[in-house]
Amino acid sequence: MYHRVTDKPGGTDDRTPAQFRAELERLASENYVPITAAEYVSGKIDIPAGTHPVVLTFDDSSPSQLTLDAMGTPQPNTAVGILLDVSKKHPGFRPVATFYVIRDMFGKFTPEERAQVLGWLRDNGFDIGNHTRDHLNLLGKSEKEVTEQIAAGQKLISDLDKKVQVHTLALPYGNQPRNKQWALHGSANGVRYDYQGVFLAGYTPAPSPFTKEFDPVGLPRIRSMDKKGDCVKFCSTAWLDELKEHPDERYTSDGNPTTVAFPKFKAPFVAKSVTTKALPY
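Cut-offs used in this document
- Residues numbered from 1 in each chain as written.
- Predicted model: local features only at pLDDT ≥ 70, side-chain atom pairs only at ≥ 80, totals over all residues.
- Heavy atoms only, no water.
- Helix = DSSP H or I, 4+ residues; strand = E, 2+ residues; numbered from the N terminus.
- Polar contact = N/O pair within 3.5 Å; in protein donor to acceptor, adjacent residues only side chain to side chain.
- Contact = heavy atoms within 4.5 Å.
- Buried < 20%, exposed > 50% of the residue type's maximum accessible area, 1.4 Å probe, protein only.
- Pairing = 2+ DSSP bridges.
- Salt bridge = Lys/Arg side-chain N within 4 Å of Asp/Glu carboxyl O.
- Core = buried A, V, L, I, M, F, W, Y, C linked by side-chain atoms within 4.5 Å.
- Phe/Tyr/Trp six-rings, centres within 6.5 Å; stacked < 30°, edge-to-face > 60°.

Visitor: So what about the side chain of Thr 57? Which residues, and what values?
Guide: The topology assignment puts Thr 57 in strand 3 (residues 57–59). Within the structure, the side chain of Thr 57 is placed 2.9 Å from the side chain of Arg 221, a separation counted as a polar contact. Residues contacting Thr 57, with those up to four places away along its chain left out, are Met 1, Tyr 2, Thr 98, Tyr 100 and Arg 221.

This is the structure:
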């Protein structure tokens with residue numbers, strides 16, 4: 001989970017371009033391959049055998065994530081610019097990510113400018129998700145307030161680019177509404193939303209979409225941060241170290257997106273919905 005990528009971090013959620021690049025380089029060197037949130041929640045994980053999926057998510061649609069120059073090319077020190085550069089050096093490292101947008105749309109103010117940025121992301125294989133329109137804390141809010149904010153975020157996207165398909169929502173501050181299902185399905189002011197997954201803001205790796213642990217209304221994410229303070233155990237560096245030490249805990253692709261291979265002793269943990277794809281060994 002990323003927010004701003006800036007030379008002058010304003011808080012613990014920000015990363016410098018150098019820090020962001022270093023983390024991508026580490027992911028590439030350890031055989032992680034980016035997939036989108038939409039691919040993850042749908043179980044469409046089509047990556048080479050022996051590699052591990054990673055979902056890169058960006059909240060709040062900051063200009064530091066994507067700013068296009070006069071030629072419509074991402075600025076090199078933005079998150080997208082860095083991701084594209086790293087993928088060139090590591091051809092197997094797919095340059096894809098999911099952007100959870102709000103009304104502050106990459107620092108653009110006119111509908112034309114906003115549509116240009118969303119269109120660039122769509123045309124280049126990136127995934128766009130809803131982060132509500134106003135980034136309001138949904139904790140304790142009424143059903144009307146919750147559905148209005150989510151529907152307004154959905155409308156914000158569809159009004160700018162009707163070709164964008166929104167499959168997931170990231171909850172502001174990671175706070176779930178009183179009824180978790182309100183975040184997944186609902187309608188307000190003539191706008192309906194029907195998502196496949198709702199993401200939180202911490203603190204553990206997300207489970208495989210093929211296990212019984214997969215909960216579409218509460219999918220965890222990992223904050224990008226070094227091992228310090230509350231991140232000694234629960235942020236990206238700590239978890240990457242942990243998964244490197246215990247590689248059997250990582251999702252590892254069998255190279256065939258139509259099968260789900262797993263050790264026979266793990267059969268009790270496999271979701272019933274994937275029995276037709278199951279390939280125990």
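Visitor: Outline the pairing of strand 7 (residues 185–188), supporting the account with residue identities and numerical values.
Guide: Where burial is concerned, the two faces of strand 7 differ: the one with Gly 186 and Ala 188 is buried and the one with His 185 and Ser 187 is not. Across four bridges, the pairing between strand 7 and strand 8 (residues 191–194) is antiparallel. The partner of Gly 186 across the bridge, within strand 8, is Tyr 193. Between the antiparallel neighbours strand 7 and strand 8 lie two residues, among them Asn 189 with a positive phi of about 55°.

Visitor: So what about the pattern of salt bridges? Which residues, and what values?
Guide: If charged atoms from side chains of opposite charge come close, those side chains can pair. Taken as a whole, this structure holds 18 salt bridges when the rule is applied. The residue Asp 161 makes a salt bridge to Arg 122 at a minimum N-O spacing of 2.8 Å. Remark: Arg 122 occurs in helix 4 (residues 111–123) and Asp 161 occurs in the loop between helix 5 (143–160) and strand 6 (168–170); sequence separation between them is 39 residues. Given a relative accessible area of 8%, Asp 161 falls into the buried group.

Visitor: I'd like a rundown of the nonpolar core, residues and numbers included.
Guide: Counting 52 residues, the largest nonpolar core has Leu 24, Leu 56, Phe 99 and Phe 106 as its most contacted members. Secondary structure elements with two or more residues in this core: helix 1 (17–29), helix 3 (79–89), strand 4 (98–101), helix 4, helix 5, helix 6 (181–184), strand 8 and helix 8 (236–245). Leaving out residues up to four positions away in the same chain, Phe 106 has contacts with Ser 61, Ser 62, Pro 63, Gln 65, Leu 66, Phe 99, Val 101, Val 117, Leu 118 and Leu 121.

Visitor: Let's hear about the environment of Phe 20: which residues, and what values?
Guide: Residue position: Phe 20 is located in helix 1. Between the C-alpha atoms of Phe 20 and Ser 158, which are 138 residues apart in sequence, the distance is 30 Å.

Visitor: Describe the packing of aromatic side chains, naming the residues involved and giving the relevant values.
Guide: Per the counting criterion, the structure on display carries 13 aromatic pairs. With a centroid separation of 6.2 Å and 45° between ring planes, the pair formed by Tyr 40 and Phe 199 is classed as tilted. Separated by 159 residues along the polypeptide, Tyr 40 in helix 2 (residues 37–42) and Phe 199 in strand 9 (residues 197–199) bring together distant segments of the chain. A ring pair is formed by Tyr 40 and Phe 214, whose centres lie 5.7 Å apart and whose planes are at 75°; its orientation type is edge-to-face. Linking Tyr 40 in helix 2 with Phe 214 in the loop between strand 9 and helix 7 (231–234), this pair joins segments that are 174 residues apart in sequence. Of the two residues examined, Tyr 40 and Phe 214, each falls in the buried class. Members of the aromatic cluster, connected to one another through ring pairs, are Tyr 2, Phe 20, Phe 58, Phe 99, Phe 106, Trp 120 and Phe 126.

These results come straight from atomic positions and should not be treated as a statement about function.
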